[in-house]
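Listed here are the chains, written in short residue letters.
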Amino acid sequence: MIDAIVVGSGASAVHAAWALLHSVRRPTRVVMLDAGVRDETYAPLIPGVTWSRLRQTDAGQHRYLLGDRFEGIGPSGTRVGAQLTPPRAHITHLADAHNPANLDAIGAIQSLAQGGLAAGWGAGVARFDERDMAGWPITPVDLAPHYDAVERRIGVCGDRDDLSEALGDHAGMMPPLALDAGARAILRRYGSRRTALRGLGLRLGISRLAACSGALHDDHGGQRGPHRLDDLDFYADATRAVYRPQWTLEALQRVSGFAYRPGVLVRSFACEPGGVHVVARPLSGGPDEVLHTRAMVLCAGVFGTASIVLRSLGREGDALPLVCNPYTYAPCLNLCVLGEDWPDRRHSLSQLTGVWQPRAHPLDPAYPDDPPPLHLSIYSYRSLLTYKLMKEMPLGAPIARRLARTLMPLLAIAGIHHADAPARGKRIHLARDEGGERLDVRYDQTDSDRLRIERAEQGVLRALRRLGLVALKRVRPGHGASIHYAGTLPMTRQPGPRTCDACGRLQGARGVYVADGSALPSLPAKGLTLTLMANADRIGGIVAQDLAEGGSHA
Amino acid sequence: MSARLQHEGRVLGRYIMGAEPPGALVDRYAQAHAHLPLEPLAGGDRAMIEAAFNHVWMLGPLDAACALRRPHCTLRRKVMVMCAIVEASPEGARLFMPKGRAGVMALLRTFARAGWATACRLAVGLPLLAVIGRRRTPAHAAVLPGGAA
């Protein structure tokens, strides 16, 4: 019999598996079941030169910039996942076909890719603190050793600057990646107006990224980085400097006792004496396969895990809570960079991170007494195609082209994340009708949510203006555009239906653990991926311990 | 490969690049029509495409007017697809890559030129759009150079 089945290969899955296989009393047989969709087409076509060199020399660039089916051109208007270039588009490939979901209400996406949604994540990292985890059954102290372990495993770079007050420190933090001209100019302006900007509630610093500015060696002979500053982060992973779950998966495949089974989709489970039987469906068709295991760790992504649990427990129609970070982005003119030269060597990820603490509005009962801080990431617009900007301009093509070329060095994109907590109108459920089975999402913001978001954004844009960043407009591409989802099977102190305990054990399903975002009860305004990995690392260790103690949980 | 699409590709290539586009880019433009929704649905859309590609001088003013008034119309989509195709080639990339540095004077000059050029094109394009975009050409009546695909 298999000791543990891990479902999925995303950020949570690989770290849960890693912890299982590296615990003191490790199980002997761990199997990872995964759809495992990969890009076999475009990655090999991308030459190992910088973005600007590639643009001037590679006659085959249209294949990976536009796609063989022109999928990189896409429809007009803003859409979730628009930042997915053809080499990253496999991340959402087949997901809707195999896991039908009506996610349009929030503009969410799901993934069946090897590495899951984190195969294309922005690599921003932040630890959750006491306030972020208020109401959770675990505390930052419980997560601290797992944050340390994961940070050393994935490689984190950043600086000890004004962000340290709000974001703390990271284990083994490497020096930051070099900033580009735009970000350097903003940081210079921040330095010269620091007192005033801090008075407005803004702290700014170099983004902490899961990326290697130097070489990082793992325990299994692999090496990642250093980052080549080739500005190709939206297209390629040439030196693997930016962390993707696939790198951990490759290391896992060199560990004895681990087996990776791509090409299957877990449909359901049933608990039985001594373990769990798991039903998996081959993506290529054919009959379902049944596997027996002592424990199952669900890391299929929030929507995938919810479908599996509701289907397995026969609770179609039951509503599960959902939280996701509302997201807004604001293209800004960066006036600080006027007249500066842009060197060729840069990275495409978030350059700067801001933490903005809104003020309370004591006379407004709809506004919280102690509003949560808001996080923003600042990007430059360099390694995406210029025509995407031209599309948004109300100008004829030749004029738009000339204007876009001039404005691009001045363009900064501020991405703003807001905190989210469960509420009555934020729900998902599995619906079944003549068309088959489908996950339906409902996400209605409350008036107080809307007010908080509007006020916070006005405040942060005011602070950005003081920084020399003039917002051209605000774009709200859909509540789910943050691609940060959580809270469907939350960890709680009191056991209840469709919840987990603090150890990720699913209530009423002996041997089944939830180790992905589903278990996080709420989301602060920070990126959640580092916490997903740390929590999965923690739960992986708990599963190993439960197995060693003679079985799985009661 | 349709002669109509080849003609459109050449016209759009000249419009965007200011010179005769390489044959490979024109072929790629024609191929894009097999994968993207680029065929006109409404009569007005069809009439605009007919006008822009039969009377090439109308393309610039109509594009400027559509960018302002009908950013999602078929003509505008075709222009943007050709922009993407030209940009994703070594020959065209230099026309789209950002300028190394943007000074205040260069910025003001670019804004002034863009404003003047846009005003001129809109002065012609908006009346054209008002007349042509309102036409109700039946779907089967459109005849474009080189015939249908």
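This one's a predicted model, so the numbers in the text were calculated from it and none came from an experiment.

S.K.: What should I look at first to understand the nonpolar core in this one?
M.R.: One broad trend across soluble globular proteins is that nonpolar side chains are buried collectively. Judged by nonpolar contacts, the single largest core of 105 residues is most densely connected at Met32(A), Phe269(A) and Phe303(A). Of the residues forming this core, the biggest block, nine residues, is contributed by helix α14 (residues 529–548) of chain A. The residues contacting Phe303(A), other than those within four sequence positions of it, are Asn99(A), Leu103(A), Ile106(A), Ala108(A), Ile109(A), Gln110(A), Leu322(A), Ile428(A), Leu439(A), Val441(A) and Tyr485(A). Judged by nonpolar contacts, the second largest core, of 77 residues, contains Tyr381(A), Leu12(B), Met48(B) and Ala102(B).

S.K.: Just checking my understanding: could you explain the sheet that holds strand β16 (residues 411–417) of chain A for this structure?
M.R.: Working definition: the strands of a sheet are paired by backbone hydrogen bonds and lie parallel or antiparallel to each other. All names here are of chain A. Taken in spatial order, the six strands make up an open sheet running β4-β14-β15-β16-β13-β19, and their pairing is antiparallel. Edge strands, defined here as strands with exactly one partner in the open sheet, are β4 (202–206) and β19 (469–471). Adjacent strand axes in the sheet meet at a mean angle of 30° when their direction is disregarded. Bridging between strand β15 (residues 374–380) and β16 involves six bridges; their strand directions are antiparallel. Following the sheet pairing, Tyr379 is matched in β16 by Ile413. Running at roughly 140° to β4, helix α7 (residues 181–192) makes contact with β4, β13 (327–334), β14 (352–356), β15 and β19 of the sheet. Here helix α13 (residues 447–466) sits on the sheet and contacts β4, β13, β14, β15, β16 and β19; the angle it forms with β15, its principal contact strand, is near 45°.

S.K.: Would you mind going over the sheet that holds strand β18 (residues 436–443) of chain A with me for this structure?
M.R.: All names here are of chain A. The strand order across the open sheet built from four strands is β3-β18-β17-β11, with neighbouring strands paired in mixed fashion. The open sheet is flanked by β3 (101–102) and β11 (320–321), the only strands paired with a single partner. Taken together, the two bridges between β3 and β18 define a ladder with parallel strand orientation. Bridging across to β18, Asn102 finds its partner in Asp440.

S.K.: Please clarify how the packing of helix α1 (residues 11–21) of chain A against helix α9 (residues 245–252) of chain A should be interpreted in this entry.
M.R.: Residues and elements named next belong to chain A. Look at α1 against α9: their axes get within 9 Å of each other, and the N-to-C directions meet at 30°. What the angle tells us is that α1 and α9 run roughly parallel. Read as a crossing pair, α1 and α9 show a hand that is left-handed. For the pair α1 and α9, contact is made by Ala11, Val14, His15, Ala17, Trp18 and Leu21 and by Pro245, Thr248, Leu249, Ala251 and Leu252, respectively. A per-class count over the contact of α1 with α9 returns nine nonpolar, two polar and no charged.

S.K.: Help me understand the interface of chain A and chain B, please; the structure alone is not making it clear to me.
M.R.: Interface size is commonly expressed as the accessible surface area that is lost when the partners come together. Between chain A and chain B, the residue contacts involve 43 residues of the former and 43 residues of the latter. Taken together, both faces of the contact between chain A and chain B bury some 3,800 Å²; the carbon and sulfur share is 67%. One can count zero salt bridges joining chain A with chain B. At the junction of chain A and chain B, the tally comes to 12 residue pairs in polar contact (both at pLDDT 80 or more). Among the elements that line the side of chain A that touches chain B, the one with the most residues is helix α12 (residues 397–407) of chain A, at nine residues. Class assignment of the residues belonging to the side of chain A that touches chain B gives a composition of 21 nonpolar, 11 polar and 11 charged.

S.K.: Whenever I open this one, the pattern of salt bridges confuses me. Can you help?
M.R.: Pairing is possible between side chains of opposite charge, provided their charged atoms come close. All names here are of chain A. Summed over the entire model, instances satisfying the criterion amount to 47 salt bridges over all chains. In this structure, the salt-bridge partner of Arg127 is Glu151, at a minimum N-O distance of 2.7 Å. Note that Arg127 is positioned in the loop between β3 and α5 (140–154) and Glu151 in helix α5, a separation of 24 residues in sequence. With a relative accessible area of 16%, Arg127 lands in the buried category. Accessibility expressed as a relative area gives 1% for Glu151, which makes it buried. Close ionic contact of Asp230 with Arg228 constitutes a salt bridge, the shortest N to O distance being 3.5 Å. Residues participating in the shared-partner salt-bridge network are Asp162, Glu165, Arg194, Arg198 and Arg203.

S.K.: Got a minute to help me understand the side chain of Asp58(A) in this structure?
M.R.: Mapping Asp58(A) onto the fold places it in the loop between α2 (51–57) and α3 (61–66). The side chain of Asp58(A) is buried and forms no salt bridge, while Arg55(A), the nearest opposite charge, is found at 8.8 Å. Polar side-chain contacts of Asp58(A) include one of 2.5 Å to the side chain of Tyr64(A). Apart from the residues lying within four places of it in its own chain, the contact partners of Asp58(A) are Leu45(A), Pro47(A), Tyr64(A) and Pro90(B).

S.K.: Honestly, the side chain of His33(B) in this entry has me stumped. Any pointers?
M.R.: Residue and element names in this part refer to chain B. By the element assignment, His33 lies in the loop between α2 (23–32) and α3 (43–54). Look at His33 and you get buried, because its relative accessible area is 13%. Within the local environment of His33, its side chain forms a polar contact with the side chain of Lys78, the two groups lying 3.0 Å apart. Those residues in contact with His33 that sit more than four places away from it in its chain are Leu5, Glu8, Leu38, Glu39 and Lys78.

S.K.: Looking at this model, I keep getting lost on the environment of Ser312(A). Mind explaining?
M.R.: Residue and element names in this part refer to chain A. Checked against the element boundaries, Ser312 lands in helix α10 (residues 302–312). The contact partners of Ser312, leaving out residues within four places of it in the chain, are Arg267, Ser268 and Phe269. Among the polar contacts listed, one links the side chain of Ser312 to the backbone oxygen of Ile308, at a separation of 2.5 Å.

S.K.: Looking at this model, I keep getting lost on the packing of aromatic side chains. Mind explaining?
M.R.: Geometrically, a pair of aromatic rings is defined through the distance of the ring centres and the angle of the planes. With the rule as written, the count across this model stands at four aromatic pairs over all chains. Taken together, a centroid distance of 5.2 Å and an interplanar angle of 20° make the contact between Trp51(A) and Tyr235(A) stacked. Here Trp51(A), found in helix α2, pairs with Tyr235(A), found in the loop between β6 (223–224) and α9; they are 184 residues apart in sequence, far enough to count as distant. Comparing Trp51(A) with Tyr235(A) shows no difference in burial state: the two are buried. Judged by centre distance (5.9 Å) and plane angle (70°), the rings of Phe128(A) and Trp136(A) are edge-to-face. Residue Phe128(A) is classed as buried on the basis of its relative accessible area of 2%. Positioned above the aromatic ring of Trp342(A) is the side chain of Arg382(A), whose terminal nitrogen or guanidinium carbon lies 4.2 Å from the ring centre. Over the ring of Phe96(B) we find Arg401(A); its NZ or CZ atom is 6.0 Å from the centre of that ring.

Rules behind the numbers
- Residues numbered from 1 in each chain as written.
- Chains lettered and ligands numbered in written order.
- Predicted model: local features only at pLDDT ≥ 70, side-chain atom pairs only at ≥ 80, totals over all residues.
- Heavy atoms only, no water.
- Core = buried A, V, L, I, M, F, W, Y, C linked by side-chain atoms within 4.5 Å.
- Buried < 20%, exposed > 50% of the residue type's maximum accessible area, 1.4 Å probe, protein only.
- Helix = DSSP H or I, 4+ residues; strand = E, 2+ residues; numbered from the N terminus.
- Contact = heavy atoms within 4.5 Å.
- Pairing = 2+ DSSP bridges.
- Axes fitted to C-alpha atoms, helices over the stretch in contact; angles between N-to-C directions.
- Parallel < 35°, antiparallel > 145°, perpendicular 65-115°, else oblique.
- Left-handed = near helix turned anticlockwise from the far one by under 90°.
- Nonpolar A, V, L, I, M, F, W, Y, C, P; charged D, E, K, R; others polar.
- Buried area = accessible area lost by both parts, 1.4 Å probe.
- Salt bridge = Lys/Arg side-chain N within 4 Å of Asp/Glu carboxyl O.
- Polar contact = N/O pair within 3.5 Å; in protein donor to acceptor, adjacent residues only side chain to side chain.
- Lys, Arg positive; Asp, Glu negative; His and termini not counted.
- Phe/Tyr/Trp six-rings, centres within 6.5 Å; stacked < 30°, edge-to-face > 60°.
- Lys NZ or Arg CZ within 6 Å of the ring centre and 35° of its normal.

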